[in-house]
Amino acid sequence: DAGITQSPRHKVTETGTPVTLRCHQTENHRYMYWYRQDPGHGLRLIHYSYGVKDTDKGEVSDGYSVSRSKTEDFLLTLESATSSQTSVYFCAIQLRESSDTQYFGPGTRLTVL
Amino acid sequence: GENVEQHPSTLSVQEGDSAVIKCTYSDSASNYFPWYKQELGKRPQLIIDIRSNVGEKKDQRIAVTLNKTAKHFSLHITETQPEDSAVYFCAASFILTGGGNKLTFGTGTQLKVEL
């Protein structure tokens, strides 16, 4: 599982509330990613990080922010959750800088009512 | 941006038959093409990948082919077994600003292997 954990694994929240999802890795990988998975869309990149405090937007970044204050943790925040953000969120890491291969965490199922 | 199309969306085969899933991509700068298998409620798992300097790669019952000129790549599973039943995703990758790579995924193929 490449040492990736995500928390929480399941969350139900209400529209307008802030939500933070955590991705934790134990092996000092530089590159980390957040994707969302929705039926009919596959997985889509939200934000990514290429080092501590170095982050950038992906293709579906509106309504999301991220932070990476230490190598092992990559946080995804929904500042004011909306029903359209109901999804399964996967964190991924890239094992080596010389490799393109990404490995995924177990996912977080988020429901916004 | 990159666009990846995947077909078919569902595929049903008899156990022991072969299955083929096809993907096309739009960005000629893409140079890495992984395939993931996802079982219900689980994370996507990498099953095979291919880089743009290679035309074919095989790993036991699965193989991937790449045609850079036509911008398409395919997954081939031979001697299918019930445990091959899952959703399969193709992806195309290019390098991001700052390093790392962006994967653009197809919309998935639900493979069902029937006894």
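Definitions and cut-offs
- Residues numbered from 1 in each chain as written.
- Chains lettered and ligands numbered in written order.
- Predicted model: local features only at pLDDT ≥ 70, side-chain atom pairs only at ≥ 80, totals over all residues.
- Heavy atoms only, no water.
- Pairing = 2+ DSSP bridges.
- Helix = DSSP H or I, 4+ residues; strand = E, 2+ residues; numbered from the N terminus.
- Axes fitted to C-alpha atoms, helices over the stretch in contact; angles between N-to-C directions.
- Contact = heavy atoms within 4.5 Å.
- Buried area = accessible area lost by both parts, 1.4 Å probe.
- Salt bridge = Lys/Arg side-chain N within 4 Å of Asp/Glu carboxyl O.
- Polar contact = N/O pair within 3.5 Å; in protein donor to acceptor, adjacent residues only side chain to side chain.

Novice: Explain the sheet that holds strand 8 (residues 72-77) of chain B residue by residue, including any values.
Specialist: All names here are of chain B. The antiparallel open sheet is built from five strands, whose spatial order is 1-3-8-7-6. Here the strands that pair on one side only, and so sit at the sheet edges, are strand 1 (4-7) and strand 6 (56-59). When strand polarity is set aside, the average angle formed by the axes of neighbouring strands in this sheet is 15 degrees. Relative to strand 8, strand 7 (residues 62-67) runs antiparallel, the two being bridged by six bridges. For Asn-67, the partnering residue across the bridge sits in strand 8 and is His-72.

Novice: Can you lay out the side chain of Arg-36 of chain A for me, pointing to particular residues and giving the numbers?
Specialist: One can find Arg-36 of chain A in strand 4 (residues 32-38). Sequence-distant contacts of Arg-36 of chain A, that is, excluding residues within four places in its chain, are made with Gly-42, Leu-43, Arg-44, Ile-46, Val-60, Tyr-64, Ser-84, Gln-85, Thr-86, Ser-87, Val-88 and Tyr-89 of chain A.

Novice: Explain the interface of chain A and chain B to me, using residue names and the numbers behind them.
Specialist: If you look at the interface, chain A gives 25 residues, while chain B gives 22 residues. Both faces considered, chain A and chain B share a buried interface measuring about 1,900 Å² in area, 52% of it formed by carbon and sulfur atoms. Per-residue buried area on chain A facing chain B is highest for Leu-43, Asp-100 and Phe-104 of chain A; these three make up 29% of the total on that side. Across the contact surface, chain A and chain B share two salt bridges. We note a salt bridge from Glu-59 of chain A to Lys-102 of chain B, for which the minimum N-O separation is 3.5 Å. Where chain A touches chain B, the interface holds nine residue pairs in polar contact (both at pLDDT 80 or more). Counting only elements with at least two residues in the side of chain A that touches chain B, the list comes to strand 4, strand 5 (42-51), strand 9 (87-94) and strand 10 (102-104) of chain A. For the side of chain A that touches chain B, the element with the highest residue contribution is strand 5 of chain A, accounting for five residues.

Nothing here speaks to function; it is geometry throughout.
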